[in-house]
Amino acid sequence: WGGEGDSSKARRRQEQKPLLVERTKGSEILFGIAPCSLALSQSRRDVFRLFLKESSGPRRLVMSEFVLQAMARGVPVDHVTGRELNALSRGRVHQGVCLEATPLRFKSLEEAEKPDLGDEENPKQQLIWLVLEQIQDPMNLGALLRSAYFLGVDRVVTSQRNSCPLTPTVSKASSGAIEVFDIYSTDDIQSFLKAKTTEGWEVVGTVTKPEGVENVPVISCLEFRWSKPVIIVIGNEGDGLSLETQLLCHRMLSIPPGRALHPGIESLNVSVATGIFLHSICSQKLKHSD
């Protein structure tokens, strides 16, 4: 059960070949119960084949549900070994399920604007959009999207450049949230933020170290109050928000630490920090709608 030796890795590569021979061009392998189940039920992707591990006990019911879902969509089911699933998922946690499907793409903002206007009868209602600038780690992106979906964010927009695509790892880390939640992207975050400001939105940035920001007021997320539609902007894992984006923010939010911090452990993981920021903002939305 320790680390794999070279011979075992080579064996796994050989096992991969028989299954991958008939892969549909341009497809990818989703793995894990939530991503595969939601991808099957949502019809956002073209789905080619479902791979299931024969299971006994509690998981058997889950697997028979998968077979029914696949039959309903006319998707062939292959019953395979755990080793074959490990090869398909490249050793990631598949929970006995993999699905061959087309990739998910970001939506463009042009697609979004017109249909949505009908839902936004009251321009003053409390909308929360989350903008992600150059989030590159798929685990962070997935965790961020899971929190955004759970906490009630209305729309997520990412930067096209230097951002992680919507990979199977992102779907797994989001617990399948990306299978049901539209994610948009723009090639010009600054122009997008300027346009939303003109429409009356407040743009709120986020910062690790309050002293690092010039010309924009920084407040604790616990003190933040809002009454008009708000965009919260999250920066890259290493560098935070670009200076150009910071200067478009009306306010910056920080998370007050609970102790004097040791040098080198002065910040939170970006997805954890985002969850805290979003909760402090979204919880006010719930109070106001009572």
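From a predicted model like this one, the values you see are computed outputs, not experimental measurements. Per chain, residues are indexed from 1 in the order of the written sequence. Only residues with pLDDT of at least 70 are given local features in this predicted model, and only at 80 or more are side-chain atom pairs given and counted; all residues enter the totals for whole chains, interfaces and linings. Side-chain descriptors were evaluated using all non-hydrogen atoms of the structure, hydrogens and water having been removed beforehand.

## Notes on the pattern of salt bridges
Our working definition: One side-chain nitrogen of Lys or Arg within 4 Å of one carboxyl oxygen of Asp or Glu is enough to make a salt bridge. Here a strand is any run of E in DSSP of at least two residues, a helix any run of H or I of at least four, and the numbering for each starts at the N terminus. In this scheme, a residue with accessible area under 20% of its type's maximum is buried, one over 50% is exposed, and one in between is partly exposed, where area comes from a 1.4 Å probe on protein chains only.
Taken as a whole and judged by the stated rule, the model has 8 salt bridges. As a salt-bridge pair, Arg 44 and Asp 182 come within 3.1 Å of each other at their nearest N and O atoms. With a gap of 138 residues between them, Arg 44 in the loop between α2 (33-42) and β2 (47-53) and Asp 182 in the loop between α7 (168-173) and β8 (183-186) connect regions that are remote in the sequence. Among the residues examined, Asp 182 registers a relative accessible area of 25% and is labelled partly exposed. Salt-bridge contacts for Asp 78 lead to Arg 49; the nearest nitrogen and oxygen are separated by 3.0 Å. Here Arg 49 lies in strand β2 and Asp 78 lies in strand β3 (residues 77-80), a separation of 29 residues in the sequence. Accessibility expressed as a relative area gives 22% for Asp 78, which makes it partly exposed. A network of salt bridges, in which partner residues are shared, links Glu 28, Arg 45 and Glu 179.

## Quick notes on the environment of Asn 269
This is how it is decided: Two N or O atoms count as a polar contact when they lie within 3.5 Å, although within protein this holds only if one can serve as hydrogen donor and the other as acceptor, and sequence-adjacent residues are included solely when both atoms are side-chain atoms.
Structurally, Asn 269 is set in the loop between β12 (251-254) and α10 (270-288). Counting along the chain gives 129 residues from Asn 269 to Asn 140, while the straight-line C-alpha distance between them is 8.2 Å. In terms of polar contacts, Asn 269 uses its side chain to reach the side chain of Asn 140, at 2.9 Å.

## Quick word on the sheet that holds strand β1 (residues 28-31)
Hydrogen bonds along the backbone pair up the strands of a sheet, which may run parallel or antiparallel. Using the following cut-off: We call two strands paired when DSSP finds no fewer than two bridges between them. For helices, the fitted line uses only the C-alpha atoms of the stretch in contact; every axis is such a line through C-alpha atoms, and the angle between N-to-C directions lies from 0 to 180 degrees. Residues are treated as being in contact if the distance between any of their heavy atoms lies within 4.5 Å.
On the basis of which strands lie adjacent, the open sheet formed by 4 strands has the order β1-β4-β2-β3 and mixed pairing. The open sheet is flanked by β1 and β3, the only strands paired with a single partner. Within the sheet, the average angular offset between the axes of one strand and its neighbour, ignoring direction, is 25°. Here β1 pairs with strand β4 (residues 97-101) via 4 bridges, running antiparallel. Directly across from Phe 31, in β4, lies its bridge partner Cys 98. Set on the sheet, α2 makes contact with β1, β2 and β4; between it and β4 the angle comes to about 40°.

## Points about the pairing of β4
Most of β4 sits out of view: 5 of its 5 residues are buried. Of the two faces of β4, the one lined by Val 97, Leu 99 and Ala 101 and the one lined by Cys 98 and Glu 100 are each fully buried. Direction of pairing for β2 relative to β4: antiparallel, over a ladder of 5 bridges. What sits directly across from Leu 50, in β4, is Leu 99.

## Thoughts on the side chain of Ser 220
Counting through the fold element by element, Ser 220 comes out in strand β10 (residues 218-220). According to the relative accessible area criterion, Ser 220 is buried, its value standing at 12%. Apart from the residues within four sequence positions on either side, Ser 220 is in contact with Ser 254 and Pro 256.

## Section: a negative patch on the surface
Definition in use: The residues that make up patches have over 30% relative accessible area and no salt bridge, and they are joined within 9 Å when like-charged or within 5 Å when they are Val, Leu, Ile, Met, Phe, Trp or Tyr. A 1.4 Å probe and the Shrake-Rupley method give the accessible areas. Residues count as covered only by the protein chains that appear here. Asp and Glu are treated as the negative residues and Lys and Arg as the positive ones, with His and the ends of the chain left uncounted. The location of each charge is read from NZ of Lys, CZ of Arg, CG of Asp or CD of Glu.
Together, Glu 110, Glu 111, Asp 187 and Asp 188 make up a region of like negative charge exposed at the surface. Secondary-structure assignment places Glu 111 in helix α5 (residues 109-117).

## Here's the deal with the confidence of the model for the protein
For clarity, the cut-off: A score between 0 and 100, pLDDT records how confident the predictor is in each residue.
Here the protein averages 85 in pLDDT, while 84% of its residues score no lower than 70. In this model residues 115-121 is a low-confidence stretch, pLDDT under 50, and it forms 5 contacts with partners more than four residues away in sequence or in other chains.

## Here's the deal with the sheet that holds strand β5 (residues 107-108)
Read from one edge to the other, the open sheet built from 8 strands follows the order β5-β8-β7-β6-β11-β9-β12-β10, with strand pairing classed as parallel. In this open sheet, the two edge strands, each paired with only one partner strand, are β5 and β10. Examined bridge by bridge, β10 and β12 share 3 bridges and lie parallel to one another. Along β12, the bridge assignment pairs Ile 219 with Leu 253. Where helix α6 (residues 138-151) meets the sheet, its contacts fall on β6 (128-132), β7 (155-159) and β8, and the angle it forms with β6 comes to roughly 175°.

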